[in-house]
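# Reading the structure
Residues per chain are reported as follows:
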Amino acid sequence: MAEEKRKKKSIIKRIIKWSLIIGLIVFVGLTVLSRLGGDSEVLQSSVEDILTEKTGYKAKINTFNRMTFYPLIAIDAESIDFFEIIKEEAEPEEAQSEQASVAPDEIEPKYSSDPVMQIGKLQVALGFFDLMLSKGRVRHFLIEDFKAEAGALLEQPISVDKIDISSQAEFHSEEEGGDEDGDEEGRGYINFTANISDKPLKGSISVDAHGMDRYKSYSVGNNKIFYITTGDLIFSAQLESSLINGLELNQVKLLKGKDKIVEGDFTLAQDTRTWKIKGQSKLYPHGTELTPDIELTLGTPLTVKGSVKSPKIIYKDVEGNSPFRLAIDEISSIISSKEKDGKIDLADLDIDLDIKTEILETENFQIIDMAAPLKIADNKINIGPLKGEIYDGDLSGSVGLNAQNLPAILNLDLKVKDFNYSALQKKYGEKVTLDGLANIAVDLNSKANRYDTLFDSAEGKVSFITGDAKLESKVLNIWGGGLLNALIPDFSGEETLDVTCAVVDMNVKDGIARSNATFMDTKKVMLTGEGQYNFKNNKLDFKISPKTKDIALVDVGAGVHLTGPIQKPRVTPSARDIGKKIGGLLLGAVNPAFFAISLVDLGLSNNHPCNEYTIQEETLDDPTKQEPEKAAS
């Protein structure tokens, strides 16, 4: 027993002895560390090597104030220059053979004569034990007067007044409340003010805070709040890291002043340079909803694959002058130095998207259950085959844009079969009888150098044909502001017109649609017309003349002149009688091209009600047959 007690005491003594020795070594080591540091050239060179390795630019510190190792590993430096490594062009064979005998490590790289980046002041401090235990925490971080030339980090030049970490958010949204008096426990902020080119940028990004007072440190946590502003654009979001979902970007908001532009929630997963993005978003002011499921690969070209679905797309939310598009253009101008000159250029895009929406709504119509595969590659756009339903009519066709050479060539081929008049009733301020089916064909092509002039040189045909329709006479008055009353004063506003056939067939050239055949035949009156519509300035210039078929109608006007915007034209009397010129539109009076486009291309049978107003099929060449030279072209 005594022997065992002596052994235990001996072990305890050894433990105490070694503990004292280890403690003394640690104390001496920490004391030595605390006295190490300073502003020696060796330490300065070591810091320069670290900055060079992390940035990819040769770093040169002009003023090295101090470096410490304990209790903080800290660096304090000023006036730091970064030089770009110059890649030399291929040299003659003799020079290459001379360098072949020199080891690669001995070849001195060449650097730019002027710095491409500069830092006015750099201060970094990490806790000694935080670093040893790999906690990823920072006690202090400050960068002032940072400048980067165009191309060093972004295409645009960058200047940063200040980046620092503190317990207060210098910039915050009104919804989050003020952070000026200190933040909630456990949160700090990276604050920055900068300029990209001449565009001011400022913001706050939340980080996790640990400890109290002078022992407080900060680390990048799983949950972060972003608040970034440039001009009157404001971006805010909450970013949460997840092992399962990757990154979750929630409560995303883009505002212009106090007006919402976009809001939504997204998940992002990164695989090398490709981001997988899923989520849902809403565009304002009209409430377009988009649900993307895409893969986005950054680079040149920018590659986008996947699908975008939507219960409703309002065209006003995505067209060129919408708040969303204007905001995107403003953000793009900050990131990229490439001027938006309006020229058609698709070279930097590679897109393959399936776009589906339950409703696509424009100012004048709705498309239901639209499917529109979109492909952009090799400087070409192809949308199609289009499928959808527009006022109960079947929509089909395609849209193509070839911009491999300028001017770019646009091809538009759209057809609507059995378009339902009745669905248009809600467009009028009062209930009216409007019943019938129509068929529409649009076949246009155009050449342009700029997006905003794509339709200025449009050429082709637009055809509209309907038969066996009913419409209340005041429908024409609602559209034309007294049109029918001017043509036929004897008609009452409640009388119904039984339409046998109506045709609008127009040739388009240089953005102007000119009448090829325009008439409406009813049981009581025939209306004939000619004129043009200018797409560029939305100007209608049309003359319409009536011809009575009912002897009870004695008060028939000579005709009217329609001018102004197509949505609400102005009606004035016209002395010109179009009906006399056309001769009543008897058999064969309609241009043969009308039959070829409207009846054959729209798939209408020979027993269509309008067939009697065209020349017979056997007198026409088969429109599907082409001469060899024409077909080859």
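Residues numbered from 1 in each chain as written. Predicted model: local features only at pLDDT ≥ 70, side-chain atom pairs only at ≥ 80, totals over all residues. Heavy atoms only, no water.

### What to know about the overall build of the chain
Note the cut-off: Helix numbering and strand numbering both begin at the N terminus, where a helix is a DSSP run of H or I of at least 4 residues and a strand a DSSP run of E of at least 2. A 1.4 Å probe and the Shrake-Rupley method give the accessible areas. Residues count as covered only by the protein chains that appear here.
Helix and strand counts for the chain stand at 11 helices and 30 strands. When the accessible surface of the chain is summed, it comes to about 36,800 Å², and 54% of that surface belongs to carbon and sulfur atoms.

### A word on the nonpolar core
Proteins that are soluble and globular tend to have nonpolar side chains buried together. Stated formally: In plain words, nonpolar cores are sets of buried Ala, Val, Leu, Ile, Met, Phe, Trp, Tyr and Cys residues tied together by side-chain atoms within 4.5 Å. Type-normalised accessible area, obtained with a 1.4 Å probe on protein chains alone, sets the label of each residue: buried when under 20%, exposed when over 50%, and partly exposed for intermediate values. Contacts: residue pairs with any heavy atoms within 4.5 Å of one another.
Counting residues in hydrophobic clusters, the biggest one holds 86 residues, and the most contacted among them are Leu51, Ile80, Phe82, Met117 and Leu401. If we skip the residues at most four places from it in the chain, Leu51 touches Tyr57, Ala59, Ile61, Ile80, Phe82 and Leu122.

### What about the side chain of Lys224?
Note the cut-off: Working convention for charge: Lys and Arg count positive, Asp and Glu count negative, and His plus the chain ends are omitted. Here a salt bridge means any side-chain nitrogen of Lys or Arg lying within 4 Å of a carboxyl oxygen belonging to Asp or Glu.
With respect to the secondary-structure elements, Lys224 resides in strand E11 (residues 223-230). Within the buried core, Lys224 has no salt-bridge partner, and the shortest N-O distance to an opposite charge, that of Asp208, equals 7.5 Å. Those residues within four positions of Lys224 in sequence are excluded, and the remaining contacts are Ser206, Ala237, Gln238, Leu239 and Ser241.

### Details of the pattern of salt bridges
For the coordinates displayed, the defined rule picks out 7 salt bridges. Between Lys256 and Glu330 there is a salt bridge; the shortest N-O distance is 3.7 Å. Taken as a pair, Lys256 in strand E13 (residues 246-256) and Glu330 in helix H6 (residues 323-335) lie far apart in primary sequence, 74 residues in all. Of the residues examined, Glu330 reaches a relative accessible area of 24% and is grouped as partly exposed. Among the ionic pairs, Lys260 bridges to Glu263, the shortest N-O distance being 3.3 Å. Members of the salt-bridge network, linked through shared partners, are Asp232, Lys256 and Glu330.

### Considering the pairing of strand E8 (residues 187-196)
To be explicit about the condition: A strand pair is defined by DSSP finding two or more bridges across the two strands.
Bridge count between strand E7 (residues 158-166) and E8: 8 bridges; the pairing is antiparallel. Within E8, the position partnered with Asp164 by the bridge is Asn191. Pairing analysis gives 10 bridges linking E8 to strand E9 (residues 199-210), with the strands arranged antiparallel. In the strand pairing of E9, Gly188 is matched with Val207. Here E8 folds back onto E9 in antiparallel fashion, the turn holding 2 residues, of which Ser197 has a positive phi close to 60°.

### Here's the deal with the environment of Phe192
By secondary structure assignment, the location of Phe192 is in strand E8. Under the relative-accessibility criterion, Phe192 is labelled buried at 14%. The sequence separation of Phe192 and Ile165 amounts to 27 residues, and the corresponding C-alpha distance is 9.0 Å. With near-sequence residues (within four places) excluded, Phe192 lies in contact with Lys162, Ile163, Phe171, Leu201, Lys202, Gly203, Ser204, Ile205 and Ile228.

### Quick word on a negative patch on the surface
We count it as follows: Here the term patch refers to residues with relative accessible area over 30% and no salt bridge, with like charges joined within 9 Å and nonpolar side chains (Val, Leu, Ile, Met, Phe, Trp, Tyr) within 5 Å. The atom standing in for a charge is NZ when the residue is Lys, CZ when it is Arg, CG when it is Asp and CD when it is Glu.
A contiguous patch of negative charge, built from Glu358, Asp369, Glu389, Asp392, Asp394 and Asp418, is present on the exposed surface. According to the relative accessible area criterion, Glu389 is partly exposed, its value standing at 30%.

### Regarding the environment of Glu41
Along the chain, Glu41 turns up in helix H2 (residues 41-55). Among the residues examined, Glu41 registers a relative accessible area of 70% and is labelled exposed. Between the C-alpha atom of Glu41 and that of Phe64, which follows or precedes it by 23 residues, the distance is 8.7 Å.

### Comments concerning the confidence of the model for the chain
Note the following rule: Note on scores: pLDDT gives the predictor's confidence for each residue, bounded by 0 and 100.
For the chain, the average pLDDT comes to 75, and 69% of its residues sit at 70 or higher. Mean pLDDT across the elements of the chain ranges from a minimum in helix H11 (residues 628-632), with 38, to a maximum in strand E6 (residues 140-148), with 92. Under a pLDDT of 50 for its full length, residues 176-183 has, in the predicted model, 15 contacts with residues more than four places off or in other chains. The low-confidence segment residues 615-633 (pLDDT under 50) makes 12 contacts with residues lying over four places distant or belonging to another chain.

### Looking at the pairing of E7
Summarising the sheet, E6 and E7 pair through 6 bridges and their orientation is antiparallel. Across the sheet, Ile143 pairs through a bridge with Ile163, a residue of E7.

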